[in-house]
Structures are given as C-alpha cells and as structure tokens.
Amino acid sequence: MKLTMVGDSSVGKTSIALQFTQDFFPHDHKPTITDIETRVLNIEGQDVLFQIWDTAGQDKFRSLLPLYLRGVDGALLVYDVTNQESFKNILTWISEVRRGASGNPVMALVGNKTDLKDYRCVTTQDGENLALEQGMIFIETSAKTGHNVHQAFFEVGMTLCYTY
Ligand code: GDP
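All values derive from a computational prediction rather than experimental measurement.

Chemist: Could you give an account of the overall build of the chain, naming the residues involved and the relevant values?
Modeler: A tally of regular secondary structure across the chain gives 6 helices and 6 strands. Starting at the N terminus and ending at the C terminus, the chain contains elements arranged as β-α-β-β-α-β-α-α-β-α-β-α. Each principal axis of the C-alpha distribution contributes one length, and for the chain these read about 40 × 30 × 30 Å. Here the chain holds 164 residues, and 49% of them are scored as buried. Considering only contacts within the chain whose residues lie at least 6 apart along the sequence, 70% involve residues at least 24 apart. When the accessible surface of the chain is summed, it comes to about 8200 Å², and 51% of that surface belongs to carbon and sulfur atoms. A distance of 6 Å separates the average location of the 14 positive side-chain charges in the chain from that of its 20 negative side-chain charges.

In structure tokens, the structure reads:
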C-alpha cells in the first residue's frame with residue numbers, strides 16, 4: 001500500500017513515519033529523511049506492506065507533490081494540535097490530495113503532538129468535526145510517546161482492506 005504523509009512543515013510527519021517504521025523518535029536533531037520507509041503490519045491475518053512516502057523534504061518543492069500523490073492508496077493529513085494554523089491549512093491539503101491522487105484514496109486526519117497538553121489549542125472535537133464533514137478517518141497521535149501511531153496506519157490499512 002502506498003501511503004503519503006502531507007501537512008504543514010514541522011507538524012511531525014517525519015517523526016510519525018519514523019516512529020511507525022523504526023519505533024524511534026529522534027529527540028535531539030531534525031531527522032534525516034529517506035523519502036520512502038516501509039513496514040509490514042498484519043491486518044486480519046494478512047501481511048500488508050506499507051510504503052510510506054514522506055513529503056517533509058518537499059516542503060519547499062510543492063510542485064513535486066503530485067509525484068508523491070500519484071497512485072496513492074491512502075494519505076495521512078497531519079496537523080499539530082498546538083498549532084491552529086496547521087489545522088486550518090488541512091483544507092488546502094485535502095484539496096491537494098484530491099487533485100493530485102488519481103482515484104479515491106483513503107484519507108486520515110491526524111492530530112499530532114498530543115503529549116504537549118499544556119499547549120493544545122485544537123480540540124479533539126474540532127478534529128472530529130472536520131473529519132466527519134470531509135469523510136476522513138480521525139485519530140490523535142504523539143510521535144514522541146508513540147501513542148496511536150501504529151493505530152493510525154492500522155486504521156487506514158483496515159479501511160483499505162475492506163475497500164478492495
Ligand atoms: P515534519 O516537518 O512535519 O516532518 O516534522 P518533524 O517530524 O521534523 O517534527 C518537527 C518537530 O516537532 C521536531 O522537533 C520533532 O521532534 C517535533 N515533534 C514531532 N512529533 C512530535 C510529538 O508528537 N510531540 C512532540 N512533543 N514533538 C514532536
């Protein structure tokens with residue numbers, strides 16, 4: 001399954017991808033990005049290979065986004081729950097995904113950095129409402145603690161398995 005991570009810069013796309021594929025959160029440096037990471041998850045008794053395309057390196061090269069979106073099965077649209085602007089911009093990311101992806105990819109709205117409780121400004125309800133309105137899966141994660149990271153990919157995988 002080809003999955004692409006999109007969202008504003010610094011919301012945690014690379015950290016989520018690394019936490020999922022390598023069970024690793026880099027504390028002291030900006031992670032180096034390899035464009036594509038993979039991991040196998042067992043879903044309903046079947047081994048499913050996830051190929052995660054991380055667009056973090058493409059923030060300055062939005063024109064390359066269509067390459068990342070071509071043929072995707074699913075997209076994780078990530079915002080930072082402590083950054084209202086990144087949540088507002090999700091609408092733009094939704095349009096980008098719908099425009100760039102052929103077909104009808106499964107979309108998951110991911111509110112990241114839930115560990116930063118004192119700084120949260122986007123509520124769970126805000127996220128749920130947007131996801132419902134746009135027909136997306138909704139999940140909140142912390143790439144730092146690992147909370148719900150596997151679950152996010154699992155839910156996309158489950159939805160895809162039932163779609164095929
Ligand atoms: P990207 O630009 O969207 O790929 O974001 P990065 O993965 O590079 O993360 C940006 C910054 O946010 C880095 O300093 C990360 O350590 C930090 N970060 C990412 N996810 C989390 C999280 O869940 N909790 C906290 N506290 N920090 C995070």
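Chemist: Before we move on, can you summarise the side chain of Thr141 with the specific residues and values?
Modeler: Relative to the elements of secondary structure, Thr141 occurs in the loop between β6 (137-140) and α6 (149-163). Not counting chain neighbours up to four residues away, the residues in contact with Thr141 comprise Ile16, Val110, Gly111, Asn112, Lys113, Thr114, His147, Asn148, Val149 and Ala152.

Chemist: Kindly report on the pairing of strand β3 (residues 46-54), identifying the contributing residues and their values.
Modeler: Examined bridge by bridge, strand β1 (residues 2-6) and β3 share 4 bridges and lie parallel to one another. Counted as the bridge partner of Thr4 is Trp53 from β3. Both strand β2 (residues 36-43) and β3 contribute to a ladder of 8 bridges, which runs antiparallel. Among the inter-strand pairings, Leu41 is bridged to a residue of β3, identified as Val48. The hairpin formed by β2 and β3 contains 2 residues between the paired strands, and Glu44 there has a positive phi angle of roughly 50°.

Chemist: Can you break down the nonpolar core residue by residue, with the values?
Modeler: Within the largest apolar cluster, 24 residues are counted, with the highest numbers of intra-cluster contacts made by Leu3, Ile16, Phe50, Ile52, Leu76, Phe153 and Val156. Only β1, α1 (13-22), β2, β3, β4 (74-80), β5 (106-112), β6 and α6 provide two or more residues apiece to this core. The element contributing the most residues to this core is α6, with 5 residues. Dropping the residues within four chain positions of it, Phe153 is found in contact with Leu3, Met5, Ile16, Phe20, Leu41, Phe50, Ile52 and Leu76.

Chemist: Outline unusual backbone geometry, supporting the account with residue identities and numerical values.
Modeler: The phi torsion at Asp23 lies on the positive side, around 50°, for a residue other than glycine. Position of Asp23 among the secondary structure elements: in the loop between α1 and β2. One non-glycine residue, Asn148, adopts positive backbone phi at about 65°. Position of Asn148 relative to the elements: it lies in the loop between β6 and α6. Residue classification places Asn148 among the partly exposed residues on the basis of a relative accessible area of 26%.

Reading guide: rules and limits
- Residues numbered from 1 in each chain as written.
- Predicted model: local features only at pLDDT ≥ 70, side-chain atom pairs only at ≥ 80, totals over all residues.
- Heavy atoms only, no water.
- Helix = DSSP H or I, 4+ residues; strand = E, 2+ residues; numbered from the N terminus.
- Buried < 20%, exposed > 50% of the residue type's maximum accessible area, 1.4 Å probe, protein only.
- Contact = heavy atoms within 4.5 Å.
- Areas by Shrake-Rupley, 256 points an atom, 1.4 Å probe, with all protein chains shown as cover.
- Lys, Arg positive; Asp, Glu negative; His and termini not counted.
- Charge placed at Lys NZ, Arg CZ, Asp CG, Glu CD.
- Pairing = 2+ DSSP bridges.
- Core = buried A, V, L, I, M, F, W, Y, C linked by side-chain atoms within 4.5 Å.

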